[in-house]
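What follows is each chain in one-letter form.
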Amino acid sequence: MKYKNNEKSLRAYIFFILLVVFFVNYDMTYNHNLLYRKSFISLATEKSDKKHSVVIDPGHGGIDKGTNYENLYEKDINLKIALYMKEYFEEKGFQVYMTREEDVLLSLKEIGDFVNDKKPDVFVSVHVNSFKDPGYDGISAFYHSPDGFQNEERIELAETIQKEVSKDGIWFDRGIKEQDIAVLRYSKYVCSLVEVGFMTNKDDRVKLQDENILKNTGENIANGIIKYIMLNN
Ligand SMILES: [Zn+2]
């Protein structure tokens, strides 16, 4: 009798354990599926709703002409390249914010505030270089990471841009450079400044007056940025 009772309670106990295991397992699977489905749906909507965005800053403007050679002004070349970039980015479905589309001057603080307000994937400033030695030529993507802020990301962006703008051999590849540039200091977002050629170099000056080259260079800078964004999203 005692034995039977023990057997009965053992059976009941095993049955109970099996029941618990079944329900816990069912619940976990169900919740996991639900969670998976939820995250999948939100990811899909986020992807379709959120456009990637860039802020383009054509350096200088207005009374600030930048570097110049006779009546060839850096501010005008920067704007031309930036507008080619804008067109290209928009064709690819990107949201583009320009710090200027006309011949006006913005303060560095205004540019910084504009960038941080737009919260872009990438901020890029476009410039033309100059140097006392007219032998200096070529293109270079600059980065700056104040106190190491976004150091890896900013280096990666500069490298990706540099690779794209140098690949067709139009410009001499000067490599990427670290420099404490004010316009990059204010940005909370990953950023780079591209110096397209040297106004002080004879061959570069010819290129800087060639619309096809400016368009091509703008598209290459844009492609570098697009590659960076795609690799990091
Ligand atoms: Zn400049």
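See the structure printed just above.
Every residue gets a number counted from 1 within its own chain, in the order that chain's sequence is written. Only residues with pLDDT of at least 70 are given local features in this predicted model, and only at 80 or more are side-chain atom pairs given and counted; all residues enter the totals for whole chains, interfaces and linings. Excluding hydrogens and water, the side-chain figures rest on all heavy atoms present in the structure.

*Asks:* I'd like to hear about the overall build of the chain, residue by residue, with values.
*Replies:* To qualify as a helix, a DSSP run of H or I must reach at least 4 residues; to qualify as a strand, a run of E must reach at least 2; elements of each kind are numbered from the N terminus. From N to C terminus, the chain includes seven helices and eight strands. Buried residues in the chain amount to 40% of all 233 residues. Of the roughly 13900 Å² that the chain leaves accessible, carbon and sulfur atoms contribute 56%. The buried label applies to any residue whose accessible area, calculated with a 1.4 Å probe on protein chains only, is under 20% of its type's maximum; exposed applies above 50%, and partly exposed to all values in between. The protein chains shown are the only cover counted for residues, whose accessible areas, like all others here, come from Shrake-Rupley with a 1.4 Å probe.

*Asks:* So what's going on with the pattern of salt bridges? Residues and values would help.
*Replies:* What counts as a salt bridge is simple: a side-chain nitrogen of Lys or Arg found within 4 Å of a carboxyl oxygen of Asp or Glu. Tallied over the entire structure, the rule returns 11 salt bridges. Where Lys118 meets Asp117, a salt bridge forms, and the shortest distance between an N and an O atom there is 3.9 Å. By relative accessible area, which is 28% here, Lys118 ends up partly exposed. Note that Arg185 is salt-bridged to Asp180, the shortest N-O span being 2.8 Å.

*Asks:* How would you sum up the sheet that holds strand S6 (residues 139-143)? Please name residues and give values.
*Replies:* Read from one edge to the other, the open sheet built from six strands follows the order S4-S1-S5-S8-S6-S7, with strand pairing classed as mixed. Strands at the two margins of the open sheet, each flanked by one partner only, are strand S4 (95-98) and strand S7 (177-178). Two strands pair when backbone bridges link them, and S6 and S7 are joined in this way by two bridges, in the parallel orientation. Following the sheet pairing, Tyr143 is matched in S7 by Glu178. Only heavy atoms enter the contact rule, under which two residues are in contact if any of them lie within 4.5 Å. Note on definitions: angles span 0 to 180 degrees between N-to-C directions of axes, and those axes are lines fitted to C-alpha atoms, for helices only across the stretch in contact. Contacting strand S1 (53-58), S4 and strand S5 (122-129), helix H3 (residues 108-118) runs over the sheet at an angle of about 170° to S1. Against the sheet, helix H7 (residues 211-231) contacts S1, S5, S6 and strand S8 (191-198), and its axis sits at roughly 150° relative to S5. Two strands pair if DSSP finds at least two bridges between them.

*Asks:* Kindly report on H3, identifying the contributing residues and their values.
*Replies:* Among the residues of H3, those classed as buried are Ile111, Gly112, Val115 and Asn116. Projection of H3 onto a plane perpendicular to its axis shows the buried side chains occupying an angular sector of 125°, all on one side. The inward-facing, buried residues of H3 abut S1, S5 and helix H5 (182-185). Where H3 ends, the next residue or the one after it, Lys119, has phi of about 50°, a positive value. Working definition: the arc comes from the directions between the helix axis and the C-beta atoms, pointing outward to the latter.

*Asks:* Tell me what's going on with the coordination of the zinc ion, and back it up with residues and numbers.
*Replies:* Those protein atoms acting as donors to the zinc ion are His60 (NE2), Glu74 (OE) and His127 (ND1), and they sit at 2.1 to 2.2 Å. Taken in chain order, the donor set of the zinc ion reads H-x13-E-x52-H. Note that His60 is positioned in the loop between S1 and strand S2 (68-69) and His127 in strand S5, a separation of 67 residues in sequence. In this structure His60 comes out as partly exposed when scored by relative accessible area, which is 24%. Each metal's donors comprise the N, O and S atoms found within 2.8 Å of it (within 3.2 Å for Na, K or Ca). Water is not part of the atom list, so some coordination spheres may appear incomplete.

In short, shape yes, function no, at least from these values alone.
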